[in-house]
Amino acid sequence: MKRKLVCAIIGMTMAASLLAGCGGSSDTAATDETAAEEEGAEEEAPSGDVITVGYAQVGHESDWRMANTQNYYDVFSAENGYDLQLIDCDNDNAAQIEAVRSFIQQELDYIVIAPIETAGWDTVLQEAEDAGIPVIIADREIDADNYDAWVGTNTVNEGITAGNWLGEYLDGADANILVIEGSVGASATLGRTEGFDSVLAEHPEWTKIDQQSGDFTQSGGQEVMESFIKSYEGQFNVVVCQNDNEAYGAMDAMDAAGITYGVDGDVIIISFDATHDGLQYTLDGKINCDVECNPIQAETVAEVIQLMAAGEEYPESTLVDDEAFVAPGIESAYATTMTQEILDGRAY
Ligand code: AHR
């Protein structure tokens with residue numbers, strides 16, 4: 001990345017004390033302020049002006065995504081001093097790039113992108129830079145580095161956590177694993193696969209039988225699981241679903257085929273996201289382990305934007321906290337055992 005200094009901050013809450021002394025400054029929004037500071041002029045953070053923000057959202061493919069969208073509407077509200085344009089790009093990469101172009105044409109103050117795919121961003125990001133509009137990449141990652149700040153989760157670590165938990169749970173027993181991956185080309189897919197596979201490589205007693213994309217949707221998860229059952233019935237004992245909605249579809253397919261799963265079943269289910277319903281299934285013992293991907297990121301993005309707007313240093317990279325949860329009866333060094341209290345405290 002360019003246009004700022006390197007600083008990683010862990011956690012949802014960026015305390016002002018942590019921000020001091022790290023981060024970069026927006027040389028687009030803050031150019032005038034910086035010049036004035038150098039001349040010794042009195043500086044005040046901008047206040048009272050509505051900040052226009054464009055959010056190029058992936059789509060509406062999952063419960064996670066819907067929670068993330070609602071979080072942006074809640075935080076980037078008119079009451080909070082924002083004018084938010086959120087475009088649901090329906091998992092269409094070309095449409096997402098056009099959404100960003102429309103934000104540039106409208107000369108919005110800031111652009112936030114949850115990138116559908118990692119590839120293909122250089123040109124439009126250069127256009128944003130040429131137009132002087134700071135860009136924050138949120139949720140997922142991209143191959144390009146010409147943006148201003150990033151906020152999201154560590155999906156490689158999410159995959160490692162899932163693998164470590166499975167190793168602990170199986171304690172040396174064989175695993176014959178089917179993986180329902182997320183959308184092709186998405187960093188959430190690539191990261192979770194990379195992380196899980198790194199643990200798989202340490203377990204010669206594990207075999208990955210097959211992996212196919214369920215596109216992060218319930219229908220996709222169900223279709224892939226139906227096809228897996230046709231090809232591999234009786235040959236697998238672990239299904240890794242790269243998000244909760246895929247897990248719901250996979251459970252429907254296994255129910256229809258009379259295959260049992262969860263803590264009392266023949267098949268171990270690992271899921272990602274830990275949204276409310278995913279955690280309900282975990283509490284019910286149907287999902288063995290659900291690794292969180294926290295959708296509540298808008299507050300952190302807004303904090304970065306406020307720092308940029310004030311011409312202050314801002315963090316280049318902010319990692320949102322995640323944890324993992326396991327069904328009652330499972331004790332784990334890698335995950336928290338689910339309780340009703342945890343579920344009741346879940347806002348999404
Ligand atoms: O990028 C985050 C992923 O995207 C979530 O795991 C998934 O549910 C969503 O579609």
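Shown above is the structure to which this text applies.
None of the values given here were measured: they were computed from a predicted structure.

Chemist: Can you lay out a negative patch on the surface for me, pointing to particular residues and giving the numbers?
Modeler: A cluster of acidic residues, Glu223, Glu226, Asp252 and Asp255, forms a negative patch at the surface. Contributions of two or more residues to the negative patch are made by helix 8 (218-232) and helix 9 (244-257). Here glutamate 223 is to be found in helix 8. Residue class for glutamate 223 comes out exposed when judged on its relative accessible area of 53%.

Chemist: Report on the pairing of strand 8 (residues 206-213), specifying residues and quantitative values.
Modeler: Where strand 7 (residues 175-181) meets strand 8, 7 bridges bridge the pair, whose relative direction is parallel. Bridge pairing in strand 8 places isoleucine 177 opposite lysine 208. In this region the chain leaves strand 7, passes through helix 7 (residues 187-200) and returns to the parallel neighbour strand 8; the handedness of that crossover is right-handed.

Chemist: Now, about the pairing of strand 6 (residues 149-152): what can you tell me, with residues and values included?
Modeler: Both faces of strand 6 are covered, namely the face carrying Ala149 and Val151 and the face carrying Trp150 and Gly152. Relative to strand 6, strand 5 (residues 135-139) is paired through 4 bridges, and the arrangement is parallel. Within strand 6, the residue paired with isoleucine 137 across the bridge is tryptophan 150. Two elements, strand 6 and strand 12 (residues 317-319), share 3 bridges in a ladder whose sense is parallel. Each residue of the ladder has a partner; that of tryptophan 150, found in strand 12, is serine 317.

Chemist: I'd like a description of the nonpolar core, backed by residues and values.
Modeler: One finds Tyr72, Phe76 and Ile305 to be the most contacted residues of the largest nonpolar core, which totals 49 residues. Considering every element that reaches this core, the biggest residue donor is helix 11 (residues 298-309), with 8 residues. When sequence neighbours within four positions are dropped, the list of residues in contact with tyrosine 72 reads Tyr55, Leu84, Leu86, Val112, Ala138, Ala298 and Val301.

Calculation notes
- Residues numbered from 1 in each chain as written.
- Predicted model: local features only at pLDDT ≥ 70, side-chain atom pairs only at ≥ 80, totals over all residues.
- Heavy atoms only, no water.
- Patch = residues over 30% accessible without salt bridge, like charges linked within 9 Å, V, L, I, M, F, W, Y side chains within 5 Å.
- Areas by Shrake-Rupley, 256 points an atom, 1.4 Å probe, with all protein chains shown as cover.
- Salt bridge = Lys/Arg side-chain N within 4 Å of Asp/Glu carboxyl O.
- Lys, Arg positive; Asp, Glu negative; His and termini not counted.
- Charge placed at Lys NZ, Arg CZ, Asp CG, Glu CD.
- Helix = DSSP H or I, 4+ residues; strand = E, 2+ residues; numbered from the N terminus.
- Buried < 20%, exposed > 50% of the residue type's maximum accessible area, 1.4 Å probe, protein only.
- Pairing = 2+ DSSP bridges.
- Right-handed = clockwise from strand over helix to strand, strands pointing away.
- Core = buried A, V, L, I, M, F, W, Y, C linked by side-chain atoms within 4.5 Å.
- Contact = heavy atoms within 4.5 Å.

These values are about where atoms sit, not about what they do.
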